[in-house]
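Fold and geometry: a report
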Amino acid sequence: MEATGCRLAMTGHSTMVIVSVYPTSPKPLLRSDLRALLALGDAVILFGDFNCKNPRWGCAVMDENGEKLDRLQDRLEFEIVVPSTATYFPHKDTYRTSTLDIALMRQWSKIQRRFGILGDILKLISALPTRSESSSQEFLNKSWSDLTEEIRPSHKAFWKITKALKTKGYTPIPQLKRPDGTTALDDAEVAECIADSIETRCSHVSPPHDLAHINSIEEEVLQKTFLEPKDDLTPVSLSEVQLLVKSLKTRKAPGLDGVSNKAIKCFSQPLLSLLVAIFNACLQNYYFPSVWKEAEVIGIHKPGKPRDLLASYRPISLLSGLAKLFETVLKTRLSNHLFGKGLIIDEQFGFRPAHSCPQQILRLVEYVTEGFKTKQKTVAVFFDVAKTFDRVWNAGLSRSSARLRPSPSCTAYTNDIPRPTSGVQLALFADDTALFFRSRTRRSIFRHLPKAIDELGQWFRKWRIEVNPDKSAAIQFKYSKNKSRLVVDRNTPNLKMLNSRIPWQRSYKYLGVTLDKNLHFREHIARVRKNALFYTARLGAILGRKSKLPRRNKRTLYKMCIRTVMTYASPVFAHADPKVLYRLQVVQNKSCRAATDAHWCVRNSILHRDMELPTLTKYMKDASKRFFDIVGPHPNALLRAAVDYQPPPPTHFLRRHGTY
């Protein structure tokens, strides 16, 4: 039995206990539960739906619980107070009304005598009928309509409702299976299984290849730990910490210390000054507190993976908020040093200001397209690096960081990656690595590209970076107006890394964009269209015809949740076939028609005017113009060279086929 109560203590009167009860439907009414609740005080009132039916208080039939409650009235010395009218009104008129909500009161006369008018009020409340199911639904619908009509994008509930509708909701975690097939039952066994799984993921699978190199690196790092620290880092100021604290997000989970960001934002100025002193002491002594390295690890389920397997959960570490503040202070100083002196190679686009995924994709696409002009083939190899951050070699990371000035990051770790000199291009975005090369002849491609792959493979092995060749991919980009049936030309040799064959594929998803061998982008557009339709269906309750959400709010939700899915990296594929791009425009047309509740005969141009939305073609054209305006004067020479090209003449075969 579920019960929630309150105790009323008033001056000049004894204490009265009021309890709201609800027994779960399948379970029988227990005498012990009623005795325990009635023993809470001298004057006790139990309200609620007891799941007891008895003609004595207006029910059509009698059930076991109703008969039992009637028998217990004399034994437990309580009175049953029944409303004057029914409390349950079914949807169908053929069903009879019933009284389900009643009150059990011990010493009712004493309540009336001691509390006077309060007893009459309680009796009046108990006599009020409850709302019927139909009227309750009408009330909820009206409340929902009022909320949707008055809500603004600045309201907290605006994005909470959107997020709740976009997600599938919470699904409980089933019992986890160990690698040996047994099941973890209690919480301790589950925690031990997760710990073992994390240890396995963070351990190197293959043994070290070059022991002499590993020993020399570890010895070099050990020697540098005894060097005197240099006091050349900018001290932390109070204004800097105040600005960082002000920018903290309050809806972040705390670490093991339990200090939330909301509590940190309430720190007084003397407390912040003490925090500044701690940060400066850590900088001067090159010390990071060990307690800030401890984290609470939780598992987040990977979409599409079995829920009962340990490998299907991604470990997320909840660190201390104070530790993350200090990490932000360190990151600011190290980033200013690295990027200010140009120590990061141009091929690395990850974790750098003014660099993004679409820019790296554009560099590859423009390189391939330039080859199409002269009928050159391009072969690109995309490498799947396994668990870079989990299995990073700490000694190698420290050594690479020391060469660039202390910078424990993937950007610094991969900064000395071999850069091909034979015309083979290298593309990096954090740990996403790609090599590509173009030529007219197959012989030239397979003379230079395998050498670059071997050099990269030896570097991966030397620095203990594991690559999964089976999940890596190679694509031969070749111009063709129609979709090619062959994945690769006949008699094309295989590419290998560390004696493992890299499979040829027709398409590959690289940094969020699906690249096919002919650069038609049909597969990419079909994928993003499917995702956009999925979110449109999930948000149908607030974007559909029956929603009373204001039109401006519907437009905001569409632009933030649906259009962004379809137009991600749009400057890369904006030159695709207009017939293929029109499939995305159809999604926008349907969204506008549903949002405005327009008739089928209303033109799409009128719907776009009423919704104040440009067509996707115009939007992508404007986005491409802004994109190329930023890329033109970009500080990265590789990106500037990628967009510095001349379009083919009007009589060129690319022009005739509508590629440009």
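No experiment lies behind these values; they were computed from the predicted model shown.

This part is about the sheet that holds strand 10 (residues 432–439). The strand order 9-10-8-11 describes an open sheet built from 4 strands, whose pairing is antiparallel. The two strands at the open ends of the sheet, each matched to only one other strand, are strand 9 (425–429) and strand 11 (473–477). For this sheet, the mean angle separating the axes of adjacent strands, direction not counted, is 15°. Packing of helix 16 (residues 442–462) onto the sheet brings it into contact with strand 8 (377–383) and strand 10, and relative to strand 10 it is tilted by some 160°.

For the rest of this paragraph, the subject is unusual backbone geometry. The backbone of Lys375 sits at a positive phi, close to 55°, despite the residue not being glycine. Of note, Lys375 is situated in the loop between helix 13 (357–373) and strand 8. Despite not being glycine, Leu511 shows a phi value in the positive range, around 55°. Within the fold, Leu511 resides in the loop between strand 14 (507–510) and strand 15 (513–516).

Let us look at a nonpolar patch on the surface. Taken together, the side chains of Leu271, Leu274 and Ile278 present a nonpolar region at the surface, about 250 Å² in accessible area. The residue Leu274 is located in helix 11 (residues 269–284) in this model.

This part is about the side chain of His448. Within the fold, His448 resides in helix 16. Residue His448 is classed as buried on the basis of its relative accessible area, which comes to 18%. With residues up to four places along the chain from it excluded, the contact list for His448 reads Ser422, Val424 and Phe437.

Looking now at the environment of Phe158. By secondary structure assignment, the location of Phe158 is in helix 6 (residues 156–166). In this structure, the C-alpha to C-alpha distance between Phe158 and Leu557, residues 399 residues apart in sequence, is 9.3 Å. Setting aside residues no more than four positions away along its own chain, Phe158 makes contact with Ile151, Arg152, Pro153, Asn553 and Leu557.

In total, this model carries 14 salt bridges according to the counting rule given. Note that Glu67 is salt-bridged to Arg71, the shortest N-O span being 3.8 Å. Of the two residues, Glu67 and Arg71 both sit in helix 2 (residues 64–76), 4 residues apart, roughly one turn of that helix. Since its relative accessible area comes to 41%, Glu67 is described here as partly exposed. Using a relative accessible area of 44% as the deciding quantity, one classes Arg71 as partly exposed. The shortest N-O distance in the salt bridge between Lys625 and Asp629 comes to 3.3 Å. With Lys625 and Asp629 both in helix 24 (residues 616–631) and 4 residues apart, this pair spans about one turn of that helix. Exposure remark for Lys625: the relative accessible area of 54% places this residue in the exposed category. On the basis of relative accessible area, Asp629 is assigned to the partly exposed category, the value being 45%. Overlapping salt bridges, with partners in common, bring together Lys377, Lys478 and Asp489 in one network.

Turning next to the side chain of Asp489. Examined against the element boundaries, Asp489 turns out to sit in the loop between strand 11 and strand 12 (495–497). Ignoring sequence-local partners within four residues, the contact set of Asp489 consists of Lys377, Arg442, Gln476 and Lys478.

Glancing now at the packing of helix 22 (residues 578–596) against helix 23 (residues 604–611). Running from N to C, helix 22 and helix 23 cross one another at 65°; their axes reach a closest spacing of 9 Å. By the criterion of interaxial angle, the relationship of helix 22 to helix 23 is roughly perpendicular. Taken as a pair, helix 22 and helix 23 cross one another with a handedness that is left-handed. Residues Gln585, Gln588, Asn589, Cys592, Arg593, Ala595 and Thr596 of helix 22 form the contact with helix 23, whose own contacting residues are Asn604, Leu607, His608 and Met611. The class makeup of the residues in the contact of helix 22 with helix 23 is 4 nonpolar, 6 polar and 1 charged.

About the cut-offs
- Residues numbered from 1 in each chain as written.
- Predicted model: local features only at pLDDT ≥ 70, side-chain atom pairs only at ≥ 80, totals over all residues.
- Heavy atoms only, no water.
- Pairing = 2+ DSSP bridges.
- Helix = DSSP H or I, 4+ residues; strand = E, 2+ residues; numbered from the N terminus.
- Axes fitted to C-alpha atoms, helices over the stretch in contact; angles between N-to-C directions.
- Contact = heavy atoms within 4.5 Å.
- Patch = residues over 30% accessible without salt bridge, like charges linked within 9 Å, V, L, I, M, F, W, Y side chains within 5 Å.
- Areas by Shrake-Rupley, 256 points an atom, 1.4 Å probe, with all protein chains shown as cover.
- Salt bridge = Lys/Arg side-chain N within 4 Å of Asp/Glu carboxyl O.
- Buried < 20%, exposed > 50% of the residue type's maximum accessible area, 1.4 Å probe, protein only.
- Parallel < 35°, antiparallel > 145°, perpendicular 65-115°, else oblique.
- Left-handed = near helix turned anticlockwise from the far one by under 90°.
- Nonpolar A, V, L, I, M, F, W, Y, C, P; charged D, E, K, R; others polar.

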